[in-house]
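Examination of the molecular architecture
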Amino acid sequence: HFTDSYSLNISGFRLHQTNHPDKTAHAGAAIYVRTSLTSHPLQKFQTDYIQSCAVSIIINNIPILIAAIYCPPKNNISTNQFNIYFNTLGHNFIVGGDINSKNIQWGCRVTNPRGNSLLNSVISKNLQVISSTNPTYWPTSSRKRLDILDIFVTKIPSTFHSLITNLHASCSEHSPYYSQSTASLCPTNIAQHHYTFISTGITSISQYWKKLI
């Protein structure tokens with residue numbers, strides 16, 4: 001968990017981060033972008049219920065916004081609040097992270113109120129949720145159960161195709177996962193780009209970044 005005075009630098013990558021507004025070491029979101037990629041940081045979304053940072057990149061001449069998001073579990077988030085957030089992301093985006101929004105529509109065991117709010121926002125704004133087929137949350141407490149808390153929400157052209165891979169690495173209570181996006185203009189012109197969104201435990205799995213991005 002980063003603060004204004006603490007962060008983790010990884011050689012060969014640029015760090016973009018949005019900390020929790022109370023400025024203590026919890027919550028927050030971060031993106032690492034390989035320095036060889038041209039990217040532009042965008043305005044942070046920083047509230048007590050959503051922390052998100054985003055960068056803009058170009059894939060096959062199409063601007064795409066890549067964002068990391070974290071939503072602390074204790075806050076209530078309405079459909080309108082999700083709508084306000086998604087409205088800041090523009091026309092084409094891939095946002096991923098621990099949204100703590102459970103819904104059976106994307107493979108969770110149960111549906112919680114925030115999951116209903118997110119689903120209503122996704123439907124109203126014609127977005128797509130991409131989730132792992134395996135749990136991303138591995139609680140250490142016997143009172144909690146495995147579930148899918150880390151997902152991607154996307155709004156991308158039909159020429160883009162995304163696939164999630166769960167790395168099943170030991171990393172706090174969340175397993176890291178990444179989305180491989182393929183963008184094609186025609187069958188002979190295909191470009192692949194890999195992005196990794198990790199909600200916790202960056203230190204222990206930083207070696208994956210060099211393999212996947």
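Note that the structure is a prediction, hence the values are computed from the model and not measured.

Considerations on the environment of C53
- Structurally, C53 is set in strand β5 (residues 51-59).
- Overall, C53 belongs to the buried group, its relative accessible area being 3%.
- Separated by 24 residues in sequence, C53 and A29 place their C-alpha atoms 6.4 Å apart.
- Among all residues touching C53, those that are not within four sequence positions of it are H16, Q17, T18, A29, A30, I31, I66, A67 and A68.

Observations concerning the confidence of the model for the protein chain
- The pLDDT averaged across the protein chain works out to 76; a share of 66% of its residues lies at or above 70.
- This model gives residues 182-213 a pLDDT under 50, and the stretch forms 84 contacts once residues within four places in sequence are excluded.

Comments concerning the packing of aromatic side chains
- All told, the structure shown has 4 aromatic pairs when counted by the stated rule.
- Relative to F86, the ring of Y85 lies with its centre 5.4 Å away and its plane at 55°, an arrangement referred to as tilted. Each member of the pair, Y85 as well as F86, is classed as buried.
- Following the ring pairs from residue to residue traces out a cluster consisting of F45, F82, Y85, F86 and F93.

Parameters at a glance
- Residues numbered from 1 in each chain as written.
- Predicted model: local features only at pLDDT ≥ 70, side-chain atom pairs only at ≥ 80, totals over all residues.
- Heavy atoms only, no water.
- Helix = DSSP H or I, 4+ residues; strand = E, 2+ residues; numbered from the N terminus.
- Buried < 20%, exposed > 50% of the residue type's maximum accessible area, 1.4 Å probe, protein only.
- Contact = heavy atoms within 4.5 Å.
- pLDDT = per-residue confidence, 0-100.
- Phe/Tyr/Trp six-rings, centres within 6.5 Å; stacked < 30°, edge-to-face > 60°.

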